[in-house]
Amino acid sequence: RGRRLESLEKFKAIQSGNYVDKEDEGMEWGAGLKQKEERERDKREMKALAEAPFSRSRDDQFMNAHLRQRDRWGDPMLAAIKRKKKKKQKQQQKAAAGEGGGDGGASA
């Protein structure tokens, strides 16, 4: 197919109102993907909260985990907690790397 023939067909489709651009076909307009993901995540959280018991106590694992994940500005222990998390991640990475290729269990 030649360029002129394709452009003529495109022109006719635009005139008749049946033209859909192939690049725009997969695009979502009106909302970003990140915002859409956040809305879906919020819906999942709300559903989980709706299924949870109405009253909460000190022993609520979901609430405790949620509060521990938050970083508070001005928290004097924040730097220590971040160092601890970073150290734990490094240890996990080393353990994962050590499991894969190891030296056959021999240590010198």
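Going by the structure above, here's the rest.
Please read these numbers as outputs of a predicted model, since none were measured by experiment. (Residues numbered from 1 in each chain as written. Predicted model: local features only at pLDDT ≥ 70, side-chain atom pairs only at ≥ 80, totals over all residues. Heavy atoms only, no water.)

J.: I tried to follow the pattern of salt bridges on my own but got confused; where do I start?
T.: As a working rule, side chains carrying opposite charge can pair if their charged atoms are close by. Throughout the structure, instances matching the rule amount to two salt bridges. The shortest N-O distance in the salt bridge between R41 and D42 comes to 3.4 Å. On the basis of relative accessibility, which here comes to 36%, the residue D42 falls in the partly exposed class. Residue classification places R41 among the partly exposed positions, given a relative accessible area of 40%. (Salt bridge = Lys/Arg side-chain N within 4 Å of Asp/Glu carboxyl O. Buried < 20%, exposed > 50% of the residue type's maximum accessible area, 1.4 Å probe, protein only.)

J.: How do you make sense of the environment of K82 when you look at a structure like this?
T.: By the secondary structure assignment, K82 is in helix α5 (residues 78–101). Along the primary structure K82 and D71 are separated by eleven residues, whereas in three dimensions their C-alpha atoms are 9.5 Å apart. (Helix = DSSP H or I, 4+ residues; strand = E, 2+ residues; numbered from the N terminus.)

J.: Looking at this structure, how should I read a nonpolar patch on the surface?
T.: Taken together, the side chains of L5, L8 and F11 define a hydrophobic patch exposed on the protein surface, amounting to about 280 Å² of accessible area. Within the element layout of this structure, L5 appears in helix α1 (residues 3–16). (Patch = residues over 30% accessible without salt bridge, like charges linked within 9 Å, V, L, I, M, F, W, Y side chains within 5 Å. Areas by Shrake-Rupley, 256 points an atom, 1.4 Å probe, with all protein chains shown as cover.)

J.: I keep staring at the layout of surface pockets and nothing clicks. Help me out?
T.: Over the atoms, a rolling probe the size of a water molecule traces out where space has been left empty. By volume, the largest pocket amounts to about 220 Å³. Residues belonging to the lining of the largest pocket are distributed by class as follows: six nonpolar, two polar and two charged. (1 Å grid on protein atoms, 1.4 Å probe; cavity = no way out; pocket = protein on both sides within 12 Å on 5 of 7 lines; lining within 4 Å. Points joined across faces, edges and corners; volume = space filled by probe spheres on them. Nonpolar A, V, L, I, M, F, W, Y, C, P; charged D, E, K, R; others polar.)

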